[in-house]
Amino acid sequence: MPARARDATGPMTRIPWKQAVGIPLNVAAFVLLMALAWGDPRAFFAHPVRLAMTALLVVSAPVMTLCTGGRSRGVRHAPDHREFFPLLVFHTLFTAVALPWMDARGLWVLPGGDALRWAGLAVFAAGVVWRLGPMIELGPRFVSVVALREEHRLHTGGFYHAVRHPSYLGIFLMDVGFACIFRSPIALLLLPLVFWMFQRRMDVEERLLLEQFGDEYRDYMARTARVLPGVW
């Protein structure tokens with residue numbers, strides 16, 4: 001039977017088979033790439049920090065699969081800037097392959113050893129919470145493209161009471177966590193690129209929301225930080 005998920009508005013909605021299969025496979029492929037890039041999968045999973053990080057990624061798969069609208073374009077959508085998805089692919093592959101490969105071989109790594117890894121895991125776990133929390137709150141209204149669903153309502157509570165884009169805050173925290181877990185100065189140096197690509201995605205989202213909700217969204221923008229309260 002097709003998988004189902006509960007919409008934030010109440011009714012159960014069908015999950016497309018591509019979403020039901022594709023998201024878990026993508027997470028599994030990401031974990032597999034990290035283990036293979038390390039060079040010895042058993043050694044990769046032997047360290048408690050990398051094992052805990054993997055567990056958090058595995059836990060995220062059913063949330064992303066069952067609680068979101070996947071790539072549904074709803075009743076209206078706005079295209080991303082053309083650089084977004086190529087940069088996203090680069091970002092994902094760099095994280096999954098380059099970071100563990102360099103760490104396993106001690107190439108261009110930060111000092112701090114396991115203390116840095118554990119600190120990174122704490123930041124990564126916070127990022128997972130901020131990434132998955134909005135998915136659970138919005139349900140199928142949360143999609144990986146910029147889109148509005150039928151009878152879409154502006155949500156300003158929960159995670160969205162703190163910042164306008166809590167899921168992107170989660171991504172930024174996860175990136176910092178990855179950089180520390182794999183002791184990568186290069187990953188830290190690439191963070192401005194990550195901020196830039198998601199800033200442009202936020203610009204696209206906010207234009208669509210302003211067109212849809214007008215003054216209601218302007219008022220929300222005026223009282224709520226974009227990603228970092230008191231900073232941005």
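Here is what the cut-offs are and how they apply
- Residues numbered from 1 in each chain as written.
- Predicted model: local features only at pLDDT ≥ 70, side-chain atom pairs only at ≥ 80, totals over all residues.
- Heavy atoms only, no water.
- Helix = DSSP H or I, 4+ residues; strand = E, 2+ residues; numbered from the N terminus.
- Expected span 1.5 Å × (residues − 1).
- Buried < 20%, exposed > 50% of the residue type's maximum accessible area, 1.4 Å probe, protein only.
- Contact = heavy atoms within 4.5 Å.
- Salt bridge = Lys/Arg side-chain N within 4 Å of Asp/Glu carboxyl O.
- pLDDT = per-residue confidence, 0-100.

Colleague: Would you take a moment to explain helix H3 (residues 48-66) for this structure?
Modeller: Within an α-helix, residues lying three or four positions from one another point in the same direction, as the helix has 3.6 residues per turn. Taking 1.5 Å of rise per residue, the 19 residues of H3 would be expected to cover 27 Å, and the 28 Å separating its terminal C-alpha atoms lies within 8% of that figure. For H3, every residue scored as buried is listed here: Val49, Arg50, Met53, Thr54, Leu57, Ser60, Ala61, Val63, Met64 and Thr65. Here the buried face of H3 lies against helix H1 (17-38), helix H2 (41-46), helix H5 (113-138) and helix H7 (166-181).

Colleague: Explanation requested: the pattern of salt bridges in the structure shown.
Modeller: If the charged atoms of two oppositely charged side chains come close together, the side chains can form a pair. All told, the structure shown has eleven salt bridges when counted by the stated rule. When the shortest N-O distance is used, the salt bridge between Arg226 and Asp203 registers 2.5 Å. Of this pair, Arg226 sits in the segment after helix H10 (215-223) while Asp203 sits in helix H9 (residues 191-213), and the two are 23 residues apart along the sequence. Given the relative accessible area of 8%, Arg226 is considered buried. In this structure Asp203 comes out as partly exposed when scored by relative accessible area, which is 29%. Shared partners join several salt bridges into a network, and the residues in it are Asp103, Asp114, Arg117 and Arg183.

Colleague: Any chance you could explain the confidence of the model for the chain here in plain terms?
Modeller: The predicted coordinates of low-pLDDT regions are not to be read in fine detail. Looking at the chain as a whole, the pLDDT averages 92, with 94% of positions reaching at least 70. Within the chain, H7 carries the highest mean pLDDT (98), whereas strand S1 (residues 4-6) carries the lowest (44). pLDDT under 50 marks residues 1-12. Its contacts with residues more than four places away, or in other chains, come to 28 contacts.

Colleague: Can you walk me through the side chain of His81 in this structure?
Modeller: Tracing the chain through its elements places His81 in the loop between strand S3 (76-78) and helix H4 (84-104). For His81, a relative accessible area of 11% corresponds to the buried category. Residues within four places of His81 in sequence aside, it is in contact with Met197, Arg200 and Arg201.

Colleague: Quick question: what am I supposed to make of unusual backbone geometry here?
Modeller: Note: most peptide bonds trans; most residues except glycine with negative phi. Phi angles above zero are rare outside glycine, and Trp108 is one such case at about 50°. For Trp108, the position within the fold is in the loop between H4 and H5. What makes Trp108 exposed here is its relative accessible area of 59%. In the Ramachandran plot, Arg183 falls in the positive-phi region, its phi being about 55° despite a non-glycine side chain. Among the secondary structure elements, Arg183 is positioned in the loop between H7 and helix H8 (185-189).

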